[in-house]
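# Structural overview
One letter stands for each residue in the lines below.
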Amino acid sequence: MRDGPPGNRATMGRFQPVPGSAEELLAAVDWDAHPLGPRSGWPAALAVAVNIVLASPESMYLVWGAERTFFFNTAYIPILGPRLPVAMGARFEELWADAWPSVAPAFLEAEAGTSTRFVDAPVPMARYGVPEDTWWTFSFSPVRDETGAVRGVLCMTRETTADVLREQARTRAVRQQEILNRELSHRVKNTMTMVQAIASQTLKKVTERDAVKAFQDRLVALGKAHDVLLHNDWQAASITAIVESVLTVHAGREQWSAEGPEVFLDSSATLSLSLLLHELATNALKYGALSVPGGHVDLRWEIAEGQPERDFVLSWSERDGPVVTPPDRKGFGSRLIGLGLCGTGNAELCYEPTGLRATFAAPLSRLMQAQDVHSADGDPS
Amino acid sequence: MTGKTDVRTPPATAIILVVEDEPIIRLAAVDLVEEAGYIAVEASNAAEAVRILETRPDIRVVFTDIDMPGSMDGMKLALCVRDRWPPIKLIVVSGHHTPGAADMPEGAVFFSKPYSESALTAALKQLVGEVSG
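Residues numbered from 1 in each chain as written. Chains lettered and ligands numbered in written order. Predicted model: local features only at pLDDT ≥ 70, side-chain atom pairs only at ≥ 80, totals over all residues.

Turning next to the overall build of chain A. Helices and strands together make up the secondary structure of chain A, namely 13 helices and 14 strands. Expressed as a percentage of the 381 residues in chain A, the buried residues total 31%. Taking all contacts inside chain A whose residues are at least 6 apart in sequence as the whole, residues at least 24 apart take part in 58%. (Helix = DSSP H or I, 4+ residues; strand = E, 2+ residues; numbered from the N terminus. Buried ≥ 20, exposed ≤ 12 C-beta atoms within 10 Å, placed from the backbone. Contact = placed C-beta atoms within 7 Å.)

What follows is the structure, given as structure tokens:
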């Protein structure tokens, strides 16, 4: 799409001013009474520079000479607001007295021969009589005459106030969301503590203490997963932190090892992995390698290239424990383990003479739904 | 559990001050203390806890939540206890904060809420044992 300004239709090289255009405003100035004098007497450099400005579809202005006379094009008109009627040919620092303090240093540098460029620079001004914060992306460049002397300054400018305010509002909204997330997870944890208190009171007379303890322990595991998530405002949790948080409850540091690339899991994967590890560790503590002092658990994970996408593979290997056999009945714990990571059901359990070996796999994207998979695992591709 | 004989349980005279603003959670905490074989004294905020401590020299352990309304939260209470009644042992719990060792009064034990009741009971017994021993 061509998007030409209304003021630059040229006929035989001469401007035909369009009503309301910068050309028309330029023609309306009484130049005979102006320090620059009649247009016919202007130096060639000024005439050319003014024509370049007038013809450009980008909003820009030119400040010329010792008087700092202000010229602008049609695209610049909306920026002038109420000062438009007096703007053409005005003295720059009088016309823009409100913005002058903030732009003066860069402007004077351009007069001294050095260009400068600013992106989203704050320029406080009072365009409509009241002070307001505005932001601009602009550049100042010196305009030289045929002898090489700086005679004026050209400014290409675009107001970015709307963009900056939108970005600020977005940042604010993100921050509010974070506060809300934090507050919400605090409430969730309060509620979990209440559930625990109610359960321990309600189930006081239940004789199957194992079942009551299993329930309480799962609730505590869920609470710990929330703690890990809270560290990162509920966005993602480090797998190392999750593993550590669960396993330290069940075993001394010398009884387990964990190794694998750092991966950040989203909240639902964090809860899933925490409960899965909790069940594995609870079983190991009751029947497996963690039930004897010399037993070990080796936890390994990796990202495996797979089709159609990469898989996260986690293996849990017990050794130096008692001889294990598959459980004869399927309790909730076994079913939780059978669900695998995020309920994919991809769980392989081998009860080997050396101990339980369990492998779980899930598409990496399932574990990191709320984030960018590539940036989260450090892969720049 | 009650009814079982635990040789490690010290005489059931140790008095534990339970400070928790949420009544149901306080009820369960008091229960936990009594199940462990001790006597529980209750306070629903830090100011009340300080008043009790000022009148009862027999409190051995203060078991407090951090997050409570009032000008003094559980952490300030714990620091105050460490300052004014150094022999009293401390258990601090919270569902919101995970204080680092540097933020905690010396010797205080921290549990995140919801806590494992068996782990908390074990910590309580150990602290009472330390006082008695």
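This next bit is on the overall build of chain B. Helix and strand content of chain B: four helices and five strands. Starting at the N terminus, the α and β elements of chain B follow one another as β-α-β-α-β-α-β-β-α. Each of the 133 residues in chain B was classed as buried or not, and the buried ones make up 38%. For chain B, restricting intrachain contacts to residue pairs at least 6 apart in sequence, the fraction spanning at least 24 positions comes to 61%.

Looking now at unusual backbone geometry. A cis amide bond, omega -5°, links K113(B) with the succeeding residue P114(B). Along the chain, the position of P114(B) falls in the loop between β5 (109–112) and α4 (117–132). You will see that C342(A), though not glycine, has its phi angle at about 55°, which is positive. Counting through the fold element by element, C342(A) comes out in the loop between α11 (332–339) and β13 (347–352).

The subject of this paragraph is the packing of helix α9 (residues 239–250) of chain A against helix α10 (residues 267–286) of chain A. Residue and element names in this part refer to chain A. The N-to-C vectors of α9 and α10 enclose an angle of 25°; their axes lie 9 Å apart at closest approach. Between α9 and α10, the crossing angle belongs to the class labelled roughly parallel. Here α9 runs over α10; the crossing is right-handed. Mapping the contact onto sequence places I242, V243, V246, L247 and H250 in α9 and T270, L273, S274, L277, H278, A281, T282 and L285 in α10. Each residue belonging to the contact of α9 with α10 can be placed in one class, and the counts come to eight nonpolar, five polar and no charged. (Axes fitted to C-alpha atoms, helices over the stretch in contact; angles between N-to-C directions. Parallel < 35°, antiparallel > 145°, perpendicular 65-115°, else oblique. Left-handed = near helix turned anticlockwise from the far one by under 90°. Nonpolar A, V, L, I, M, F, W, Y, C, P; charged D, E, K, R; others polar.)

Moving on to the pairing of strand β11 (residues 296–304) of chain A. All names here are of chain A. Two elements, strand β9 (residues 256–259) and β11, share four bridges in a ladder whose sense is parallel. Bridging from a neighbouring strand, E259 pairs with R300 of β11. As defined by bridge partners, β11 adjoins strand β12 (residues 311–319) across nine bridges and the pair is classed as antiparallel. Note that in β12 the partner of W301 across the bridge is L314. (Pairing = 2+ DSSP bridges.)

Attention shifts here to the pairing of strand β6 (residues 132–144) of chain A. All names here are of chain A. Looking at chain direction, strand β5 (residues 116–125) and β6 are connected through eight bridges and run antiparallel. Following the sheet pairing, R117 is matched in β6 by S139. Remark: six residues form the turn of the hairpin made by β5 and β6, two consecutive strands paired antiparallel; G129 in that turn has positive phi of roughly 90°. Here β6 runs beside strand β7 (residues 150–159); their pairing, made up of nine bridges, is antiparallel.

As a rule of thumb, soluble globular proteins bury nonpolar side chains together. Judged by nonpolar contacts, the single largest core of 79 residues is most densely connected at L265(A) and L17(B). If one sorts the elements of this core by residue count, α10(A) sits on top with eight residues. Leave out the neighbours within four places in its chain, and L17(B) touches V41(B), A43(B), A49(B), I52(B), L53(B), I59(B), V62(B) and F63(B). (Core = buried A, V, L, I, M, F, W, Y, C linked by C-beta atoms within 7 Å.)

Next up on the list: the confidence of the model for chain B. All names here are of chain B. When pLDDT is averaged along chain B, the result is 88, and 89% of the positions lie at 70 or above. In the predicted structure, residues 1–5 sits below a pLDDT of 50 and forms two contacts with residues beyond four places in sequence or in another chain. Across the interface, the model reports ipTM at 0.78; the global pTM reads 0.65. (pLDDT = per-residue confidence, 0-100.)

So, about the sheet that holds strand β1 (residues 15–19) of chain B. All names here are of chain B. Spatial ordering of the open sheet is given by β2-β1-β3-β4-β5, a layout of five strands whose pairing is parallel. Strands with a single pairing partner mark the edges of an open sheet, and in this sheet they are β2 (39–43) and β5. Between one strand and the next, the sheet's axes are offset by a mean angle of 20°, whatever the strand orientation. Bridging between strand β3 (residues 59–65) and strand β4 (residues 89–94) involves five bridges; their strand directions are parallel.

With that settled, the discussion passes to the sheet that holds β5(A). Residues and elements named next belong to chain A. Here we have five strands laid out as an open sheet, ordered β4-β3-β7-β6-β5, and antiparallel in their pairing. Of all strands in the sheet, those bounded by a partner on one side alone are β4 (69–72) and β5. The mean inter-strand angle of the sheet, taken between neighbouring strand axes irrespective of direction, is 30°. Both strand β3 (residues 60–64) and β7 contribute to a ladder of five bridges, which runs antiparallel. Bridge assignment links Y61 to a residue of β7, and that residue is C155.

Every contact between the two is made by 15 residues of chain B and, on the other side, 19 residues of chain A. Of all the elements in the fold, those that place two or more residues in the side of chain B that touches chain A are α1 (23–35) and α4 of chain B. When residues in the side of chain B that touches chain A are grouped by element, the largest group, five residues, is from α1(B). Classifying every residue of the side of chain B that touches chain A by side-chain character gives six nonpolar, six polar and three charged.

Quick look at the packing of helix α2 (residues 46–55) of chain B against helix α3 (residues 74–84) of chain B now. All names here are of chain B. Running from amino to carboxyl end, α2 crosses α3 at an angle of 20°, the nearest separation of the two axes being 10 Å. Between α2 and α3, the interaxial angle falls into the category roughly parallel. Once α2 is placed against α3, the crossing between them reads as right-handed. Contacts between α2 and α3 involve A46, A49, V50 and L53 from the first element and G74, K76, L77, C80 and V81 from the second. Looking at the contact of α2 with α3, its residues break down into seven nonpolar, one polar and one charged.

Here we take up α9(A). Residue and element names in this part refer to chain A. The first and last C-alpha atoms of α9 sit 17 Å apart over twelve residues, in line with the 16 Å expected at 1.5 Å per residue. Residues I239, I242, V243, S245, V246, L247 and H250 constitute the buried set of α9. Next to the buried residues of α9 lie α8 (209–230), β8 (237–238), β9, β10 (264–265), α10 and β11. (Expected span 1.5 Å × (residues − 1).)

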